[in-house]
Amino acid sequence: MDGLLVEESRQESDTGDWLELIRELRQEVAELRGEVASLRRENLELRQQVGYWKGMHARAIERVAVLEQENEQLRGENRRLQQQLFGQKSEKQSSKDRSNHLDGLDDEDPAGTQGGPKKKQKGPKRRNFKHLLAKEEVIELPKDERICPGCGCPLAEMTATEDSEQIEIDVKAHRRVIRRRRYRKTCTCAGCQTIAAPAPAKLIPKSLLGTSVWVEILLAKYFNHQPTERLLAAWKLLGLDLAASTVNAGLERLQPLFLPIYQAVQERNRLSAYQQADETRWLVFVEKDGKQGHRWWLWVFNGDDTVVYVLDPCRSHDVPEGHFTAGISVVLMVDRLASYKAMAPVKAGLIVLAFCWAHVRRDYITVAKSFPELKPWALAWLKQIRQAYRYNRERVLQWSTPAFAVPDAQLREVMDQMKATAATELADPQLRQPCRKVLVSLQEHWTGLTRFVDDPRIPMDNNASERSLRGPALGRKNYYGSGAEWSGTLAMTLFSVFATLQKWNVNTRTWLRWFLDACAKTGGGVPSDIQPFLPWNLSETQRQTMAQPIPMTLLIDAPDGS
């Protein structure tokens, strides 16, 4: 019995131990489960953080790549701006200008001599000055030197001479003293008892300055683009001391005289079927309602035989749109300024835009200079553009001849090749952004860039317009524009008249003296009929005479050339 009790007691004790062990195990399992759950949460958080940081790392890599590209783009932009700020301007281009040159282009023979050496160009011929007045000067040996240095015998004078020539300029200011003869009556008729010879014509009544002085002032400022102060300083060295206020007042009086000539030039210019246009800044120091600052714009329109400048406060499409006559079809060579594309006649199809290849060429040069690693890409394109220029030049020379077909076919092949190359390169996703920007612009303007292919009368560029703006750009640098609106009007007027006279090979000084003398004969006003003074109305004899720097007294008395 006791053994049974002991056994039961032992079993109860074992059961208690087991229960305690189970409780401990359950507690340990619960703790382990909690720890596992905590670890799982931590693991999940870590996994989430890993994904987050991986995403952040990827974004950082992308951002670094974008920043590197932007940095590279800014470096290129900085090089471009440095070149734009300190390099040569196209308006002031000279033979030594390297702004549109790229090393490596000279590797290919530009003359097309099939790889041979460049042809040596002949130097310019010596100019003939036989038309100048000759003043003979005889130089003799001093009397004490007219002996033989050996024996002392006298030298005999020969009829032959050692002749040479020198060009000299003698500029003198002088006073024109006018003495009008007076005559008295010898009869007993009523009325004035004395009669005087008529007074000479004056360009500006009561002014002391004669017509020749105003001719020199107008030519110096608006033909040679020289500041008035510099001209007056030079004259002061010759003994002529003029006040700047006197000159400015006189210029304001002369400004209306040229307006009819300008309007006639403008009307003829509008009839040109092929024109070029460009614009540059011009300062006018006046306050104008709705206009901030003093920057105006000087536009130029090059026609077949006329040049017109238009000065306007704005650079909008209203200026070129207002220049052309409504309803007349024109092919207009321009750069890629948005103002030309926004013109209503362009949208209506009356004005057809042809774009300039010189500006496209500058795009590639800018890329090469801004991003040196892209220079080989730019050189490849520049050589194709050079070929297009060469073939077009050859076909224009052969126009209306059977030989025209060969360079014409070569030109079309080069243009097709450029179009295909641009499409292929743009399809490449690895194409650099500077290259892509240039090619996108090329494609957008391709129709206007290739108009010259089907019409050889259209030039490939508007360099003629840029050359027309070089003189005014020089004047803008020398005398900073215009101090009044009338002064700006006079500048655009004379720029137009002088440039048109040059197109007709008319000596500007001769024409100006002729016209101002005619104005003086009317008492300082515009002649009643300006048609004889327009260069396209001159006879061939008149034109040949007007090309010479001689006084036009005959033409003043007989404008018809008789």
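Cut-offs and rules
Residues numbered from 1 in each chain as written. Predicted model: local features only at pLDDT ≥ 70, side-chain atom pairs only at ≥ 80, totals over all residues. Heavy atoms only, no water. Disulfide = S-S within 2.5 Å. Axes fitted to C-alpha atoms, helices over the stretch in contact; angles between N-to-C directions. Helix = DSSP H or I, 4+ residues; strand = E, 2+ residues; numbered from the N terminus. Parallel < 35°, antiparallel > 145°, perpendicular 65-115°, else oblique. Left-handed = near helix turned anticlockwise from the far one by under 90°. Contact = heavy atoms within 4.5 Å. pLDDT = per-residue confidence, 0-100. Expected span 1.5 Å × (residues − 1). Buried < 20%, exposed > 50% of the residue type's maximum accessible area, 1.4 Å probe, protein only.

1. As for the state of the cysteines
In step 1: Following the criterion strictly, the structure yields 0 disulfides and no others.
In step 2: Free of any disulfide, Cys 187 has its nearest neighbouring cysteine sulfur in Cys 189, separated by 3.7 Å.

2. A look at the packing of helix α10 (residues 375-397) against helix α11 (residues 405-426)
In step 1: At their nearest, the axes of α10 and α11 sit 8 Å apart, and the two run at 155 degrees to each other. In terms of their interaxial angle, α10 and α11 are classed as roughly antiparallel. Judged by the sense of rotation from one axis to the other, the crossing of α10 with α11 is left-handed. Packed against α10, whose contacting residues are Trp 377, Trp 381, Gln 384, Ile 385, Gln 387, Ala 388, Tyr 391, Asn 392, Glu 394 and Arg 395, the element α11 presents Pro 407, Asp 408, Gln 410, Leu 411, Val 414, Met 415, Gln 417, Met 418, Thr 421, Ala 422 and Glu 425 at the interface.

3. What to know about the confidence of the model for the protein
In step 1: Scored by pLDDT, the protein has a mean of 87; 88% of the residues are at 70 or more.
In step 2: Note that residues 108-116 has pLDDT below 50 and, in this model, 12 contacts with residues that lie over four places away or in other chains.
In step 3: Across residues 552-562, where pLDDT falls below 50, the model places 15 contacts with residues more than four positions away in sequence or in other chains.

4. Concerning the side chain of Gln 384
In step 1: Take Gln 384: it is sitting in helix α10.
In step 2: Gln 384 has contacts with Val 414, Gln 417, Met 418 and Thr 421, leaving out every residue within four places of it along the chain.

5. Details of helix α17 (residues 508-521)
In step 1: Between its first and last C-alpha, α17 extends 20 Å over 14 residues, near the 20 Å set by a 1.5 Å rise per residue.
In step 2: For α17, the tally of buried residues reaches 11 of 14 residues, placing the bulk of the element in the interior.
In step 3: Residues Thr 508, Thr 510, Trp 511, Leu 512, Trp 514, Phe 515, Leu 516, Asp 517, Ala 518, Cys 519 and Ala 520 constitute the buried set of α17.
In step 4: Positive phi appears at Gly 523, one or two residues downstream of α17, with a value of about 85 degrees.

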